[in-house]
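Listed below, chain by chain, are the residues.
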Amino acid sequence: MSRAAIVLTALLIASEAHAETLAEKVCIFTAAEKLPPIPGLTITASRMKDVPPEMQQKPGVSSRIVEIDVKAAGQDATFAYVCATTGNVTVATPFGISR
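This part takes up the pattern of salt bridges. If you walk through the whole model with that rule in mind, you get six salt bridges. Among the salt bridges present, the one from glutamate 67 reaches lysine 49, with a minimum N-O distance of 3.4 Å. With glutamate 67 in strand E2 (residues 62-72) and lysine 49 in strand E1 (residues 42-50), this pair connects stretches of sequence that are 18 residues apart. Under the relative-accessibility criterion, lysine 49 is labelled partly exposed at 39%. One network of salt bridges, in which partners are shared, links Arg47, Lys49, Glu67 and Asp69.

This part takes up the environment of isoleucine 65. Counting through the fold element by element, isoleucine 65 comes out in strand E2. Taking relative accessible area as the criterion, isoleucine 65 reaches 9% and is therefore assigned buried. Measuring from C-alpha to C-alpha, the distance between isoleucine 65 and tyrosine 81 comes to 5.7 Å, with 16 residues separating the pair along the chain. When residues no more than four places from it in sequence are discounted, the contact partners of isoleucine 65 are Arg47, Met48, Lys49, Asp50, Val51, Pro52 and Tyr81.

Rules used throughout
Residues numbered from 1 in each chain as written. Predicted model: local features only at pLDDT ≥ 70, side-chain atom pairs only at ≥ 80, totals over all residues. Heavy atoms only, no water. Salt bridge = Lys/Arg side-chain N within 4 Å of Asp/Glu carboxyl O. Helix = DSSP H or I, 4+ residues; strand = E, 2+ residues; numbered from the N terminus. Buried < 20%, exposed > 50% of the residue type's maximum accessible area, 1.4 Å probe, protein only. Contact = heavy atoms within 4.5 Å.

Here is the structure:
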């Protein structure tokens with residue numbers, strides 16, 4: 001099974017309780033594709049947060065922060081991404097490791 005399929009399957013399971021809309025799931029999946037290629041990396045949870053007012057994008061662009069909790073090499077970490085959606089295009093930009 002390809003890495004992308006494994007990541008998306010794990011993410012779908014982890015995100016079912018958190019992502020309520022298709023747009024949120026697309027943001028989470030897009031961000032998950034940007035995770036570093038660490039052998040054994042496992043997604044344990046994901047969530048969406050509102051973007052602070054000072055980080056708001058242009059009008060017509062919907063922005064949210066995606067946090068993805070992972071476990072790799074015996075360490076827990078949370079990767080954060082800014083997810084921007086315009087029409088049918090969704091882009092996730094790395095925001096950093098928050099934990």
